[in-house]
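# Close look at the chain arrangement
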Amino acid sequence: PQRWELVHVDPPEESNTDHDIISNFVNLAIGAVDKTLPQCADYLSIPYPGDGFLWCAWFVSECANKVGLPIVTSTFAPSLIGVFGNYEFSDENKPKVGDIALIHPEDTPPGIHHAGIIVEVNPEENQIITVEGNMGDKDCPVNDRDVRRCEYNYDTGTGKKSRGF
């Protein structure tokens, strides 16, 4: 089964506009839905990073950096482990909008292989909605993959399905 971990995103301590930073982070991600890697670079006003790499963590970290959340830019999802402290989903520790979901997809070796930004939480249904880069079929070239909205059940860690806005 799929396994999920959670990174609570906390803005820099010196910021007195925490809510604005998180809102900007989430809204920037939502605005990228349906964009491919080259389109994301243009949308984020950053240089095109090059062809052929898996870019889910790059998308998360570039969105964070763009709004002032200090995350090292990386293309490697496990590099996001511990950026703001990790938390397992639990009864005491529910996800919140603006957190980063670290994902171990089914049919992959053990470990974190994917990342997304939580843009909506439905506690009544134990469900999170994420925006994730590098989404597409395994046979799809990575430059043609896009940013998609996905939903997960966080009580069981299963139930991933893509859904457009």
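Scroll up a little and you will see the structure.
In short, a report on the structure. (Residues numbered from 1 in each chain as written. Predicted model: local features only at pLDDT ≥ 70, side-chain atom pairs only at ≥ 80, totals over all residues. Heavy atoms only, no water.)

### Side note on the overall build of the protein chain
Using the following cut-off: Secondary structure elements follow DSSP: runs of H or I no shorter than four residues count as helices, runs of E no shorter than two count as strands, and numbering proceeds from the N terminus. The buried label goes to any residue with under 20% of its type's maximum accessible area, the exposed label to any with over 50%, and the partly exposed label to all in between, with areas taken from a 1.4 Å probe on protein chains only. It only takes one pair of heavy atoms within 4.5 Å for two residues to be counted as in contact. To measure how exposed things are, a 1.4 Å probe is used in the Shrake-Rupley method; for residues, cover is taken only from the protein chains shown.
The number of helices and strands found in the protein chain is 3 helices and 7 strands. Tracing the protein chain from N to C terminus, the helices and strands come up as β-α-α-α-β-β-β-β-β-β. Per-residue burial over the protein chain gives 48% buried out of 165 residues. Partitioning the contacts of the protein chain with sequence separation of at least 6, the portion at a separation of at least 24 is 53%. By element, 49% of the accessible surface of the protein chain is carried by carbon and sulfur atoms, the whole surface being about 8000 Å².

### Quick look at the packing of aromatic side chains
Keep this limit in mind: Here is the rule: rings of Phe, Tyr and Trp (six-membered ring for Trp) pair when centre to centre is within 6.5 Å. Planes less than 30 degrees apart are stacked, more than 60 are edge-to-face, and the remainder are tilted. Both a distance and an angle decide whether a charge sits over a ring: NZ of Lys or CZ of Arg must be within 6 Å of the ring centre and within 35 degrees of the ring normal.
According to the stated counting rule, one finds 2 aromatic pairs in the structure shown. Where phenylalanine 53 meets tryptophan 58, the ring centres are 6.3 Å apart and the plane angle is 75°; that geometry is what we call edge-to-face. Across the pair, tryptophan 58 and phenylalanine 53 agree in class, each one buried. Look at tryptophan 55 and tryptophan 58: their rings are 6.3 Å apart centre to centre, the planes differ by 75°, and that puts the pair in the edge-to-face class. There is no split in this pair, since tryptophan 55 and tryptophan 58 are both buried. Among the aromatic side chains, those forming a connected cluster through ring pairs are Phe53, Trp55 and Trp58. The side chain of lysine 35 reaches across the aromatic face of tyrosine 43, ending 5.1 Å from its centre.

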